[in-house]
Every structure is written in structure tokens, then in C-alpha cells.
Amino acid sequence: MLKTGSLLSALLKPGLTLQRRGSFLSFLNKMTEALKDEQSAKLLKRANEENEDSTERLQDSKRIKTEGEQVDDDKKYPKKKVVLLLAYSGKGYYGMQRNPGNSQFRTIEDALVTALVTSECIPENHGEDMRKMSFQRCARTDKGVSAAGQVVSLKLRLIDDTVAKINEHLPPQIRVIGLKRVTQGFNSKNNCDARTYTYMLPTVAFSPKDYDTADITGFRVEPETLQRVNHLFAFYKGTHNFHNFTSQKAANDPSARRYITEMSCGEPFMCSSTEFAVITVRGQSFMLHQIRKMIGLVIAVIRGYAKEDVMERSWGKEKVDVPKAPGLGLVLEKVHFDRYNKRFGGDGLHERLEWDTEGEAVKAFKEAHIYPSIVETECQERSMLSWMATLPIHDYEASATDTQQKKEKDNAEIIGNDSD
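Everything numeric in this text was worked out from a predicted model, so none of it was measured.

What counts, and at which threshold
Residues numbered from 1 in each chain as written. Predicted model: local features only at pLDDT ≥ 70, side-chain atom pairs only at ≥ 80, totals over all residues. Heavy atoms only, no water. Core = buried A, V, L, I, M, F, W, Y, C linked by side-chain atoms within 4.5 Å. Buried < 20%, exposed > 50% of the residue type's maximum accessible area, 1.4 Å probe, protein only. Helix = DSSP H or I, 4+ residues; strand = E, 2+ residues; numbered from the N terminus. Contact = heavy atoms within 4.5 Å. 1 Å grid on protein atoms, 1.4 Å probe; cavity = no way out; pocket = protein on both sides within 12 Å on 5 of 7 lines; lining within 4 Å. Points joined across faces, edges and corners; volume = space filled by probe spheres on them. Nonpolar A, V, L, I, M, F, W, Y, C, P; charged D, E, K, R; others polar. Pairing = 2+ DSSP bridges. Phe/Tyr/Trp six-rings, centres within 6.5 Å; stacked < 30°, edge-to-face > 60°. Salt bridge = Lys/Arg side-chain N within 4 Å of Asp/Glu carboxyl O. pLDDT = per-residue confidence, 0-100.

Right, let's talk about the nonpolar core for a bit. Membership of the largest hydrophobic core comes to 101 residues, with the highest contact counts inside it found for Leu154, Phe206, Tyr236, Ile279 and Phe337. By residue number, the principal contributor to this core is helix H7 (residues 290–302), which donates nine residues. Beyond its immediate chain neighbours, meaning those up to four positions away, Leu154 contacts Lys80, Lys81, Val82, Leu84, Leu116, Met133, Ser134 and Phe135.

See the structure below:
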């Protein structure tokens, strides 16, 4: 590109006509404007680049600050492996386990994780991926099922008043009752030796099949009937093949064999003008719907719809049609860590996983939230009575495959049939 001085010399050169000088001046003006535009463009580009650099530096500063704050929090409150003792009423929740991507089906873990993040016991990204905090539940409870002694293991920051801070962000029907430190490799599911459940039901469930169930408040279970109920529950004790008491388990599946140490029904009591009783069952572990089917089959025998020998047949290879009692009255009462307590409970470094000192708080929660919810819902929705109306559609002599079509036809005629 020509310099300005050279252009002026050419313009003043002798002998240059007026017309040519005018054309040359026009050319010179255009070149000057082009130079100005080019310089303006360079300045604008430089300004934009400086703005972008400034924005990036600001974003980096914010990110570093956030990461720094998290590091500071981790230094001040380092994450420790703990277990939490939970109590909750399952009404309105779709079970214990979280279902990522299904926010419309809220679970107990959804509420718990939200409270842990809000109370700053765990970083926010740990709530998005629960594996980052080594989260594990002792037992999965189904839709509507409650718990008085659920235990979960995880890593969290032990902030001041940890339990109180978590409970501040939980609904009243979910409470953290206790917290204990455990070994780094502890897993609440794998380290659990046994689980105890209770099942609260109106005793009209043990009435003869010709009893008018419309008079639920007038029914009182006879001592002889209760004795027979416990006689039948005793058959479940020991190790049996429970493939007929869950779904999608073949008779030759080794995981269908389960060990039951206790199952019995306690003395009846009155509540809201209705007689109730509580069944207690303890076992190593239970499959999906196993307890509800165990109770459902005994009720079918007591009411006269099935013969007693159906219980022995249910443990064989044949696929037996076993009814499933409603989930309303089921409560995870307690989980047991006998082997862990024996190995680590007396080493002077770790606490025994027993909750005797929290016993009163657990009892108070059950009386305030769990039992009233079960009784009120049963009296209003009559889920047990609705389910009892479905007992005749089962064919207890034939296999489940033979009766499937009959069940589907009769089920459509039953209103209020409870099923998960």
C-alpha cells in the first residue's frame, strides 16, 4: 500500500492536468476511508477479544471460588462413613428407593437426599449421583410401606447438630432418629444379618368366610382362632423355597430359599372401635412381596378358602396360586447387625449398631405417625376388606397358570382390589 507522502508528491507533480488531479484526489479520499475502516475493525475486534477474556476470567474465578469453598467445607467438615436410623410413614410415597428420572413418583430417598444437600451434609453433585457418597439402604420398602428402624449407610460431613439440621429439611412423616460412625467398608445391605417386620391388620381378616364383613367393628377374634393362626405361621420357620411368594422366581432358583427365624401374631387390641393385631416376622432377608404373600396364604386358610396342605405344596416345584395381602399395614421394624457388632462393637473404636437409647423416640414416632396412618387409612379405604373379597377368585388346588384367566375375568368385577 502507498504511503501518504508519496501520494502527495504525485499530486503536486508539475504537468498534471486539473482533471487528472481531481480523479487522483477522489482515489486518495477512498483510500483514506478504507484505512479508517480497517483501523476501526481492528479496534472493535480487540475490544471484543478483551471482553471475552474478561468474561472467561470471571467465570474461572467463580468456578475456582466455588471449588475452593467446597474444599474449605471438606477441610472443616471432612466426610465420614456413618449410618442413619430412619423412621417414616410410607403413605403417599412410592417406596424407599430413589427412581432417577421419575420425579412424579416421589420416594423416601428423594426427600432424604434433598435434605442432605440443603443442610450441606453432602455436596450437591453427590445428590445427583448417590454412588459418590457410597449410599446404601438396608432394605427396600414398597409403595405405602412404613419403617420404624430403617438404616442407611453413606459418607457425609459431620456438621454441627447433624441430625437436627437434616430433620429441619424433612417433612414430619420422615425423621432421622439416630447417627453412628461405622467402618469405611461398611455396607448397610451386605452387613445386615436379619430384618424384622411387623404387619398391623384388623382381626376381621381372620373371620370365617360366611361372616358379614360389613360389621367390622363388631368382630372379635376367638382365642382358638388366634392359636391356629400362630400354628400356621410356625410352618414358615426354618429354610424353605419361597419361589411361590414372589414374582419371576423359578423353583430351581437358589435365591428363592430364605431363612425365617420368627413369625407370630400378638394379642388383639382395640383402636378406633376396631380390633387390630400385629404380626411379627423376622428373617435373614425377604423377596419382593414375600411377607404379604405369606400372610395372605394363612388368611386364606383361616377363612376356609384353602386347605392347610397348600402351605407344604407352595414350597415344592409346582407353581401355586398365592394371594398377596395389602401393603398398608407392613412396617420395617428393625434391622440386625449381629456379626458386625461381634467383630467391631467391642474394639474400642466403633459403636455397636444397636438403638436402645433411641427406643423412646422410635416408639413416639410410631404412635404419632405410623399407627394412626394405618388405622385411619384402613377405616376410610377398607383396603383389607376389599382384598378379602378377592380371595374366592384364587384356585388353591390348581396351579397359578391354570387359574390366570379366571382371575383376570373375576378381577374386573371386584371394586377396590389392592395390588402393587
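On we go from here.
This structure, assessed with the given rule, holds one cavity of 30 Å³ or more. Roughly 60 Å³ of internal volume is contained in the largest cavity. As for the largest cavity, its lining consists of Tyr199, Met200, Leu201, Pro202, Phe276, Pro326, Leu328, Gly329, Ile374, Glu378, Ser383 and Met384. Secondary-structure elements contributing two or more residues to the lining of the largest cavity are strand E5 (194–202), helix H10 (359–381) and helix H11 (383–388). Looking at the lining of the largest cavity, the element that brings in the most residues is E5, giving four residues. Of the residues assigned to the lining of the largest cavity, the class counts are nine nonpolar, two polar and one charged.

Our next topic: the pairing of strand E10 (residues 330–336). Burial within E10 is extensive, with six of its seven residues counted as buried. Sheet topology places strand E3 (residues 146–157) next to E10; two bridges connect them, and they run parallel. The partner of Ser146 across the bridge, within E10, is Val331. Pairing of E5 with E10, which is carried by six bridges, proceeds in the antiparallel orientation. By the bridge assignment for E10, Tyr197 is matched with Leu332.

Further remarks concern the side chain of Gln290. For Gln290, the position within the fold is in helix H7. For Gln290, a relative accessible area of 0% puts it in the buried group. Those residues in contact with Gln290 that sit more than four places away from it in its chain are Phe242, Phe245, Arg258, Ile260 and Ser285.

Here we come to the environment of Met200. Mapped onto the elements of the fold, Met200 is located in strand E5. When its relative accessible area of 6% is taken as the criterion, Met200 is described as buried. As for Met200 and Phe276, which are separated by 76 residues in sequence, their C-alpha atoms are 6.9 Å apart. In contact with Met200, other than residues within four places in its own chain, are Phe269, Phe276, Ala277, Val278, Gly329, Tyr371, Ile374 and Val375.

All right, on to the packing of aromatic side chains then. The relation between two aromatic rings is expressed through the spacing of the ring centres and the mutual angle of the planes. In the structure shown here, the tally under the stated rule is 11 aromatic pairs. With centroids separated by 5.6 Å and ring planes inclined at 55°, the aromatic side chains of Phe186 and Phe337 adopt a geometry described as tilted. Taken together, the positions of Phe186 in the loop between strand E4 (174–181) and E5 and Phe337 in the loop between E10 and helix H9 (338–344) put the pair 151 residues apart, joining distant regions of the chain. Phe337 sits in the buried class, given a relative accessible area of 1%.

As a further point, take the pattern of salt bridges. Per the counting criterion, the structure on display carries 11 salt bridges. Notably, a salt bridge pairs Asp129 with Arg131, separated by 3.1 Å at the nearest N-O pair. The exposed category is assigned to Arg131, whose relative accessible area is 70%. With its nearest N and O atoms 3.7 Å apart, the salt bridge here joins Glu318 to Arg313.

Our next topic: helix H3 (residues 108–118). For an α-helix the count is 3.6 residues per turn, leaving residues at separations of three or four pointing the same way. The buried fraction of H3 is high, at eight of 11 residues. Considered for burial, the residues of H3 that qualify are Ile108, Glu109, Asp110, Ala111, Leu112, Val113, Ala115 and Leu116. Taken together, the buried residues of H3 touch strand E1 (79–88), helix H4 (124–128), strand E2 (136–137), E3, helix H5 (162–168) and E4.

Moving on: the confidence of the model for the chain. Scored by pLDDT, the chain has a mean of 84; 75% of the residues are at 70 or more. Segment residues 64–68 is flagged for pLDDT under 50; beyond a separation of four residues in sequence, or across chains, it makes zero contacts in the model. Across residues 405–420, where pLDDT falls below 50, the model places 23 contacts with residues more than four positions away in sequence or in other chains.

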